[in-house]
2 protein chains.
Amino acid sequence: MSEKGHRKSADGRQKASKKRANTREEQKARTRQKLLGAALSLLETRSFGAISLRELTREAGVAPAAFYRHFDDMEELGLALIEESFEALRGMLKEARTELAGFDQVIRDSVEILIRHIHENRLQFQFIARERYGGVAALRHAIRTEIRLFSSELALDLSRFPVLDKWSSEDLGTYAGLMVTNMVAIVEAVLDLPPGDSRAEAEIKRAAERQLLMLVLGSAGWRSQT
Amino acid sequence: MSEKGHRKSADGRQKASKKRANTREEQKARTRQKLLGAALSLLETRSFGAISLRELTREAGVAPAAFYRHFDDMEELGLALIEESFEALRGMLKEARTELAGFDQVIRDSVEILIRHIHENRLQFQFIARERYGGVAALRHAIRTEIRLFSSELALDLSRFPVLDKWSSEDLGTYAGLMVTNMVAIVEAVLDLPPGDSRAEAEIKRAAERQLLMLVLGSAGWRSQT
DNA sequence: CAAGCGGGTAAACGGTTGTTCACCCAGAGT
DNA sequence: ACTCTGGGTGAACAACCGTTTACCCGCTTG
C-alpha cells in the first residue's frame, strides 16, 4: 500500500500496516529478534537446556523450519543471546564509571545503578545468572569469559582510586574478583524477589551497601602481605 | 547392617549373587538409591530440568514404570536429592567447626576442608551449584532456604570469635552472608576446573585464601556505623 | 518487467517422551 | 503352607520432539 519503489523526491518512508520497512534484511532481522525474544521469555521459567526448538518457534509465532534460516542449532542461538545480553551489561558499566567521590557515595550510586539496570534488563540478567552454572557447557564457558573480562575492566577502574593506586596488580585483581562476586550475588538476590516487592528490595539494597562497605573497609587494612 | 532379627544359631548370612540382604525394604531402598545416583551422574552434563524420566530410569537400569513406586514426580526426586546433598554438606560444617586459632590458620584450614569436601562430594556440590539459580522453581527455593540456614549457623559460630563477639547480630548476619557468598564462589571456581588440574587448583586455593583474608581484615575496620 | 533468490510455510519422518495398564513373583504375615 | 502385598516388568498410548522436504511468494536484481 501507499508509495514504494525508487523515489527520488523527498522522503520515501512507507510504514505500512504493522510491520513497517520491508526491505529484505530488515524483515529477516525482525524475525531473528522474535526468536531471541521468545527464547528470553521462555527462559523465565525453564533453563536453556530444557527449551525445545518447537516450543521456541511456537512462542515466536513462526514455523519450526524457519528457525534454521537463522541458526544451525539451539546452541548457536544461546551464544547469540549471551552476546546480546552482555552488550546491555556493558552499557551499565559505562554509566557506572564514576568520578572520584567519597566511598559510601560511590557505593550507594553503584548499587542504585545496578538495581535499576537489573529491572530494565531483567530477562537478560536472569538468563545469564541461570546459565552461568547451567547445563549447556558452551554457554557456561562463554559467560565465564565475559565475566572475567568484566572483572579485569573493573580492576582497571579501581586502579584510579587513591589507596588502591599503589596496590600490586595481583592484589587489584583479587579485589576486583571479590567485588564482582558480591555484585553477582546482589543480582541473584534481586532476581529472586517477586518483581513487585519494593519492601524486600530496599532491604537487599541496604544489605548490599553494607556488604560492599565491609569490602572497602577491608581494603584499607590490606597491606600486600605476600 | 550385618546381623538382624532375633538370631538363634550362628550366622545365617546368605549373600547370594550380587545383591545381598533381601529384606523387602532394603531392596526398595537400594533401587531408590540407584535412581538418585543415576540422577546425580546425569546432572554432570545436563541441568535438572533437561533430564527425562526415561533417561533416568535407563541410567539406573530399571523400567520406567518403576520410578513411580518411589516418587510421584521428577520434582519430588529433585527435592530428595537436595536433602541428601545438604546432609553431606552439614558433615563438612561440623568438621570445620574450629577451635580458636589465629585468623590465617583458620582460613587456611577452612579452605583446605572445603576443597577436600568438594572433591569427595563433587556431584552433589555440582548439582546444588547448578540448580541454585536453575530452571525448576521448587528446587531453587529449597536450596535457597538451606543456604540461609547454613549462613545463620555460620553467624552463630562467628559470634564466638574475639572482636566479632561484640558485633550486633545484624552485622554478624551481614558478615556471615559475605563469607557464604564467597565460599560459594570458591566452590563454583573449583567445580569449573577439569578434575585433574592440581596446578590451577592451587591457584584457586591461594586466591580464595587471599580473598577471605581481605574479608577478615575488613571486619577489623568495621565499627557498626548504622 | 522478467527472472531468481531467499525468508517463510505445511507436511511428513522416525524417535523419544510421560503415564497407565495388566501382570509376575519373592518376601511377609497368618 | 497359605495367601496377600508390593516392588518390579513390558507393552501400549497419544503427544511431542528435531530435522528434512517440497513448495510459495515478494523483494531484489538484471
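Residues numbered from 1 in each chain as written. Chains lettered and ligands numbered in written order. Predicted model: local features only at pLDDT ≥ 70, side-chain atom pairs only at ≥ 80, totals over all residues. Heavy atoms only, no water.

**Observations regarding the packing of aromatic side chains**
Residues and elements named next belong to chain A.
Then, in step 1: Scanning all chains against the criterion turns up six aromatic pairs over all chains.
Then, in step 2: With a centroid separation of 5.7 Å and an interplanar angle of 40°, the aromatic rings of Phe67 and Phe71 are classed as tilted. As far as burial versus exposure is concerned, Phe67 and Phe71 are alike and both buried.
Then, in step 3: The structure contains a cluster of three or more aromatic residues connected by ring pairs, namely Phe67, Tyr68 and Phe71. (Phe/Tyr/Trp six-rings, centres within 6.5 Å; stacked < 30°, edge-to-face > 60°. Buried < 20%, exposed > 50% of the residue type's maximum accessible area, 1.4 Å probe, protein only.)

**Things to note about the protein's contact with DNA strand C**
Then, in step 1: For DNA strand C, the set of nearby residues contains 20 residues, the closest of which are Thr31 and Arg69 of chain A together with Leu53, Arg54 and Arg58 of chain B.
Then, in step 2: Counted by atom, the contact set of DNA strand C within 4 Å of the protein is 48% sugar and phosphate.
Then, in step 3: Contact between DNA strand C and Thr31 of chain A: a phosphate oxygen at 2.7 Å from a side-chain N or O atom of the residue.
Then, in step 4: A distance of 2.5 Å is found between a phosphate oxygen of DNA strand C and a side-chain nitrogen or oxygen belonging to Arg58 of chain B.
Then, in step 5: Of all the secondary-structure elements, those providing two or more residues to the surface near DNA strand C are α1 (24-42) of chain A together with α2 (53-60) of chain B.
Then, in step 6: Across the surface near DNA strand C, the residue classes break down as seven nonpolar, six polar and seven charged. (Near = heavy atom within 4 Å. Polar contact = N/O pair within 3.5 Å; in protein donor to acceptor, adjacent residues only side chain to side chain. Helix = DSSP H or I, 4+ residues; strand = E, 2+ residues; numbered from the N terminus. Nonpolar A, V, L, I, M, F, W, Y, C, P; charged D, E, K, R; others polar.)

**A closer look at the interface of chain B and chain A**
Then, in step 1: In this assembly, 37 residues from chain B lie in contact with 37 residues from chain A.
Then, in step 2: Buried area between chain B and chain A, summed over both chains or domains, comes out near 3300 Å², and the portion from carbon and sulfur atoms is 56%.
Then, in step 3: Residues Glu188 of chain A and Arg132 of chain B are paired through a salt bridge, measuring 3.8 Å at the closest nitrogen-oxygen approach.
Then, in step 4: The interface formed by chain B and chain A contains 20 residue pairs in polar contact (both at pLDDT 80 or more).
Then, in step 5: For the side of chain B that touches chain A, the secondary-structure elements that each account for two or more residues are α5 (122-131), α6 (137-158), α7 (169-192) and α8 (198-221) of chain B.
Then, in step 6: Ranked by residues supplied to the side of chain B that touches chain A, first place goes to α7 of chain B with eleven residues.
Then, in step 7: Considered class by class, the residues forming the side of chain B that touches chain A number 13 nonpolar, 13 polar and eleven charged. (Contact = heavy atoms within 4.5 Å. Buried area = accessible area lost by both parts, 1.4 Å probe. Salt bridge = Lys/Arg side-chain N within 4 Å of Asp/Glu carboxyl O.)

In short, the description is geometric, and any link to function would need to be established separately.
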